[in-house]
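What follows is the residue order along each chain.
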Amino acid sequence: MAGAAETARKAERDDIRKRWLLSAPALLIIFFAAAGPLAIVVVYSFLEPGSYGDVRWTFSTDAWVSVILQRDIFDETLSIADAHVAIFWRSVLLSLATTVFAFLFGFPTAYFIATRPERTRALWLFLITIPFWTNLLIRTFAIQEVIRNEGLLNVALMKLGLISAPIQIIYTDTAIMIGMLYVYLPLMVLPLYASMEKLDFRLVEAGYDLYATRFQVLRRIILPMVKPGIVAGSILVFIPSLGAYVTPRILGGGRNLMLGNLIELQFGQGRNWPLGASLSITLLVIVMAALLIYIRYAGTGGRNHG
Amino acid sequence: MPESPDRNAIEIRRVSKFFGGGDAPVKALDTVSVAIRENEFFTLLGPSGCGKTTLLRLIAGFDFPTDGEILLHGQDIAPLPPYKRPVNTVFQSYALFPHLTVAQNIAFGLEMLGRPKAEIDARVTQMLKLVRMEELRNRSTAQISGGQQQRVALARALAPQPKVLLLDEPLSALDFKLRKEMQIELKRLQHETGITFIFVTHDQEEALTMSDRIAVMSAGNILQVGSPKDIYDRPAVRFVADFIGETNFLEATVESSSDGRAGVRLGSGAVIEASVPEGFSSTGKVTVVIRPEHARLAEAGGELSGKLSNIVYFGTDTHFHVDLDVGGTFIVREQNTRDDRRRAREGDRVSIVVGKGAAQVLRD
Ligand SMILES: Nc1ncnc2c1ncn2[C@@H]1O[C@H](COP(=O)(O)OP(=O)(O)OP(=O)(O)O)[C@@H](O)[C@H]1O
Ligand SMILES: [Mg+2]
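Each chain carries its own residue numbering, running from 1 in the written order of its sequence. Whichever chain is written first is A, and whichever ligand is written first is 1; the rest continue in order. With pLDDT at 70 or above as the cut-off, local features in this predicted model cover only qualifying residues; side-chain atom pairs require 80 or more to be listed or tallied, and sums for whole chains, interfaces and linings still use all residues. The basis for the side-chain values is all heavy atoms of the structure; hydrogens and waters are excluded.

Counting 70 residues, the largest nonpolar core has Ile 10, Ile 12, Leu 44 and Ile 198 of chain B as the members making the most contacts within it. Per-element tally for this core: the top contributor is helix H7 (residues 173-197) of chain A, with eleven residues. When residues no more than four places from it in sequence are discounted, the contact partners of Ile 198 of chain B are Ile 10, Ile 36, Phe 42, Leu 44, Leu 56, Ile 59, Val 164, Leu 165, Leu 166 and Leu 167 of chain B. By convention a nonpolar core is built from buried Ala, Val, Leu, Ile, Met, Phe, Trp, Tyr and Cys residues, the set being connected through side-chain atoms within 4.5 Å. Burial here depends on accessible area, computed with a 1.4 Å probe over protein chains only, as a share of the maximum for the residue type. Under 20% is buried, over 50% is exposed, and the range in between is partly exposed. Ala 159, Leu 171, Leu 186 and Ile 195 of chain B belong to the second-largest nonpolar core, a separate cluster that totals 36 residues. The helix count covers DSSP runs of H or I at least four residues long, the strand count covers runs of E at least two residues long, and both are numbered beginning at the N terminus. Residues count as neighbours in contact if any of their non-hydrogen atoms are within 4.5 Å of one another.

Let us now look at helix H8 (residues 201-209) of chain A. Residues lying three or four places apart along an α-helix face the same way, a consequence of the helix completing one turn every 3.6 residues. Here H8 of chain A lies mainly inside the structure; seven of its nine residues are buried. Inspection of H8 of chain A places Leu 203, Val 204, Glu 205, Ala 206, Gly 207, Tyr 208 and Asp 209 of chain A among the buried residues, and these make up the whole buried set. If you follow the buried residues of H8 of chain A, they end up packed against helix H9 (214-225) of chain A together with helix H1 (52-60), strand E6 (87-90), helix H2 (102-112) and helix H4 (146-158) of chain B. Measuring from the side-chain oxygen of the N-cap residue of H8 of chain A to the backbone nitrogen of Arg 202 of chain A gives 3.0 Å; that N-cap residue is Asp 200 of chain A. Tyr 211 of chain A, located one to two residues past H8 of chain A, shows a positive phi value of around 75 degrees. In the analysis that follows, any N or O atom pair within 3.5 Å is treated as a polar contact, provided that within protein one partner can donate a hydrogen and the other can accept it, and provided that, for residues neighboring in sequence, both atoms belong to side chains.

Here we come to the interface of chain A and chain B. You'll often see interface size given as the accessible area lost when the parts meet. Between chain A and chain B, the residue contacts involve 18 residues of the former and 27 residues of the latter. Overall, the association of chain A and chain B removes approximately 2,200 Å² of surface from exposure, summing both partners, and the carbon and sulfur fraction of that is 63%. The salt bridge criterion pairs a side-chain nitrogen of Lys or Arg with a carboxyl oxygen of Asp or Glu, the two atoms within 4 Å. For the pair chain A and chain B, the interface holds two salt bridges. Among the salt bridges present, the one from Arg 57 of chain B reaches Glu 205 of chain A, with a minimum N-O distance of 2.8 Å. Scanning the region where chain A abuts chain B turns up eight residue pairs in polar contact (both at pLDDT 80 or more). Among the elements of the structure, H8 and H9 of chain A are those that each provide at least two residues to the side of chain A that touches chain B. All amino acids are sorted into three groups, where Ala, Val, Leu, Ile, Met, Phe, Trp, Tyr, Cys and Pro are nonpolar, Asp, Glu, Lys and Arg are charged, and the leftover types, Gly among them, are polar. Among the residues forming the side of chain A that touches chain B, the class breakdown is nine nonpolar, five polar and four charged. Defined in terms of a 1.4 Å probe, buried area is the accessible area two parts forfeit on being brought together, summed over both.

Before going further, it helps to examine a nonpolar patch on the surface. Residues and elements named next belong to chain A. Excluding any residue in a salt bridge, patches collect residues exceeding 30% relative accessible area, merging like charges within 9 Å and nonpolar Val, Leu, Ile, Met, Phe, Trp and Tyr side chains within 5 Å. Under the convention used here, a 1.4 Å probe and the Shrake-Rupley method define accessible areas, while residue burial counts only the protein chains that appear. A cluster of nonpolar side chains, contributed by Phe 112, Leu 123, Trp 124, Phe 126, Leu 127, Ile 130, Phe 132 and Trp 133, occupies part of the molecular surface with about 770 Å² of accessible area. Of all the elements, helix H4 (residues 118-129) adds the most residues to the nonpolar patch, at four residues. Here Phe 126 is to be found in helix H4.

Here we come to the packing of helix H3 (residues 82-114) of chain A against H9 of chain A. Residues and elements named next belong to chain A. Between H3 and H9, whose axes approach to 14 Å, the crossing angle comes to 80 degrees. As the angle between them shows, H3 and H9 are arranged roughly perpendicular. Facing H3, whose interface residues are Phe 103, Phe 107 and Tyr 111, H9 presents Leu 218, Ile 222 and Leu 223. Of the residues contributing to the contact of H3 with H9, the split by class is six nonpolar, no polar and no charged. Throughout, an axis means a line fitted to C-alpha atoms (over the contacting stretch in the case of helices), and angles, computed between N-to-C directions, take values from 0 to 180 degrees. Throughout this description, any angle smaller than 35 degrees is read as roughly parallel, any larger than 145 degrees as roughly antiparallel, any in the 65 to 115 degree range as roughly perpendicular, and the remainder as oblique.

Moving on, we get to the site of ligand 1. Residue and element names in this part refer to chain B. Proximity criterion: a residue is near a molecule or strand once any of its heavy atoms comes within 4 Å of it. By nearness alone, every residue bordering ligand 1 is listed as Phe 19, Val 26, Ala 28, Ser 48, Gly 49, Cys 50, Gly 51, Lys 52, Thr 53, Thr 54, Glu 169 and His 202. Measuring from an oxygen atom of ligand 1, one finds a side-chain N or O atom of Thr 53 at 2.6 Å. Measuring from an oxygen atom of ligand 1, one finds a side-chain N or O atom of Thr 54 at 2.5 Å. Protein contact buries 60% of the 630 Å² of open area that ligand 1 shows by itself.

Residue and element names in this part refer to chain A. Here Thr 98 shows up in helix H3. Residue Thr 98 is classed as buried on the basis of its relative accessible area of 0%. For Thr 98 and Val 237, which are 139 residues apart along the polypeptide, the C-alpha to C-alpha distance reads 7.6 Å. In this view, Thr 98 contacts Met 177, Met 180, Leu 181, Val 237 and Ser 241; residues no more than four positions away in its chain are not counted.

What follows concerns the domain arrangement of chain B. Residue ranges assigned to the domains are those given by an automatic or database domain assignment. According to the domain assignment, chain B contains domain 1 (8-233) and domain 2 (247-361). Taken over C-alpha atoms, the centre of domain 1 of chain B sits 39 Å from the centre of domain 2 of chain B.

Attention now goes to the sheet that holds strand E2 (residues 26-37) of chain B. All names here are of chain B. Taken together, the four strands give an open sheet; going across it, the order is E2-E1-E4-E5, and neighbouring strands pair in antiparallel fashion. Only two strands of the sheet have a single neighbouring strand rather than two, namely E2 and strand E5 (75-76). The sheet strands contacting H1 are strand E1 (8-19), E2 and strand E4 (67-72), and the helix crosses E1 at an angle near 115 degrees. Pairs of strands are assigned from DSSP output, requiring at least two bridges between the strands.

In any sheet, the strands associate via hydrogen bonds between backbone groups, in a parallel or an antiparallel arrangement. Residue and element names in this part refer to chain B. Spatially, E11-E12-E13-E20-E14 is the arrangement adopted by the five strands of the closed barrel, whose pairing is mixed. Adjacent strand axes in the sheet meet at a mean angle of 50 degrees, parallel and antiparallel pairs treated alike. Relative to strand E14 (residues 285-290), strand E11 (residues 248-258) is paired through six bridges, and the arrangement is antiparallel. Paired with Glu 251 across the two strands is Thr 287, which belongs to E14.

Residue and element names in this part refer to chain A. Where H8 meets H9, the axes come as close as 10 Å, and the angle between the chain directions of the two elements is 145 degrees. Considering the relative orientation of H8 and H9, their crossing is right-handed. Of H9, the residues touching H8 (which contributes Leu 203, Val 204, Gly 207 and Tyr 208) are Arg 214, Val 217, Ile 221, Ile 222 and Met 225. Grouping the amino acids of the contact of H8 with H9 by side-chain chemistry returns seven nonpolar, one polar and one charged. The hand of a helix crossing depends on one turn: near helix anticlockwise from the far one by less than a right angle means left-handed, and clockwise means right-handed.

Backbone phi values are negative for most residues with the exception of glycine, while trans is the configuration of most peptide bonds. The phi torsion at Tyr 211 of chain A lies on the positive side, around 75 degrees, for a residue other than glycine. Along the polypeptide, Tyr 211 of chain A turns up in the loop between H8 and H9. A positive phi angle, near 50 degrees, is found at Ala 95 of chain B, a position not held by glycine. A relative accessible area of 5% places Ala 95 of chain B in the buried class.

Once that is clear, we can look at the pairing of E4 of chain B. All names here are of chain B. The pairing of E1 with E4 spans five bridges and is classified as antiparallel. Opposite Glu 11, over in E4, you have Leu 71 as the bridge partner. As defined by bridge partners, E4 adjoins E5 across two bridges and the pair is classed as antiparallel. Paired with Leu 72 across the bridge in E5 is Gln 75. What sits between the antiparallel neighbours E4 and E5 is a turn of two residues, in which His 73 has the positive phi angle 50 degrees.

This is the structure:
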């Protein structure tokens, strides 16, 4: 009897060891690709900037102070860093707007695909993912080509006589948003489609049967049921928008900075790596806070399915 | 509450339904006509794929007839979208809203109709009581049993007080005991609410025990409409006789006929009296059906004779399989009693006495 128990215990120990071995690659990747670099960023944010970039290995909280405060050059008093706050604010607003518009465009698109016959759905999804085949930079230049003052849109509108002078879109916040919307729209469509595909359309019929109009069916049945997709899509669009770098750089023309550009500036021309590091961590915190608020808010009432 | 029982709640007029255009459309319904009376428990009975669900979906408005019209209380309902029809459905899959509680599911229809809150609350409570689900009102519908889901589906469809309730095989997913209970409960509900029920099943016993009238369907056609007794005792066509219960089919020749009755000569030479379907007259060869319990075994003097090939004991009754002298097998069913009178044995020669009025001539 005791022998059997001993064997069982040994088997269990072997099992545990095997599990650790099997998950080792994942743990290594998590450590070196996520935790490691993050630790370096945290350490750098508490150092002093070197004169030609890089860092000096002396402890300092200056970088953190200057995330939102600035020291007056002459009397050394501290005041709110308006430029930084404005950039934070613009980043959040533009990302929110991008997410909302991505939902407004993505929802009908996903619904359209999900209601196609099964054979043709794969084709539609394929079309949605085609932009991913092209480099982000090239896609952004393509957008620029469309919306610049002598671009496709303005020329077409002027030829049609709808406007007499080009509309200034390029190098505005609107341009940044259009660019991000274009780039991140598939990230909204795909999770929305995934949850809509699982939607039981018999529930839609049940809704009609119980006197719900089209709009009521959409609001009371379809939206709550695809909520997981909405949550996932919004997160996937909001996060990269917040840290976007290429799009605001090209379409914002260098005047309308977003967080990503500000951070890049510190590591480049600004030669202030610790500030860049602390701004990066700030971005991370904003994203995490937004996620927590959003998931908590979106999570209520949507627990019972999926 | 029951209104005049002779008014038609639903009238189906020469309705056809084809699925898919092109070269090979699927014919789901083929010029079906039937009238369903107010406050009736009307059952559509037929094998899988015969078009039962299709007919319900046309009445509910989820699909449109390719041809023909559907009247509700004499009004053509073709222009009404499903959410404007005073018709509710208990779906085969229940289709309860998983993101809502039991009570919210039941309230849904009333909310969409814009009823005042107080009325909705009162009605939901009343419905919960009707289907005996009061304790589970705030449960999520994902956390209740199949039978409970079925009752919620029923309550949800009944709450807006529709004129007509469509039930698509609502009991098929339940186990035997629960199904029996729900059958009784459904009858009770129909009686209490006075709503017209159109009930779909492919279970003949369920149809016979629950319905006021039954329509037997096959391959997109309604073959016969009648009371359970009509359908069972006087099947008009072979499919109906075969689909419901066990039956003996015999070839016969019509000798004489007069208002609804006919004298037919069986293969054995004996002439028996048989009833004839309405509006049917034939002088040639016909098929006659006799239910196994409408005949009995005798030692001699019956209309048919043969050799007893098989005896099957069923507890309540016994089936005797007789190889007829004229060819074919005839089954006789006799109720079992506890007296030990002498029983026939396999291999015995027996005579079969056909009861009076037991035989029915088929149309085909
Ligand atoms: N949407 C559709 N497209 C094509 N054919 C269909 C469609 N719906 C039903 N059919 C066909 O129409 C016929 C009738 O179908 P229906 O669903 O009405 O059968 P049913 O009597 O309800 O069967 P069951 O007892 O299996 O539910 C079947 O042959 C079916 O294949
Ligand atoms: Mg069906």
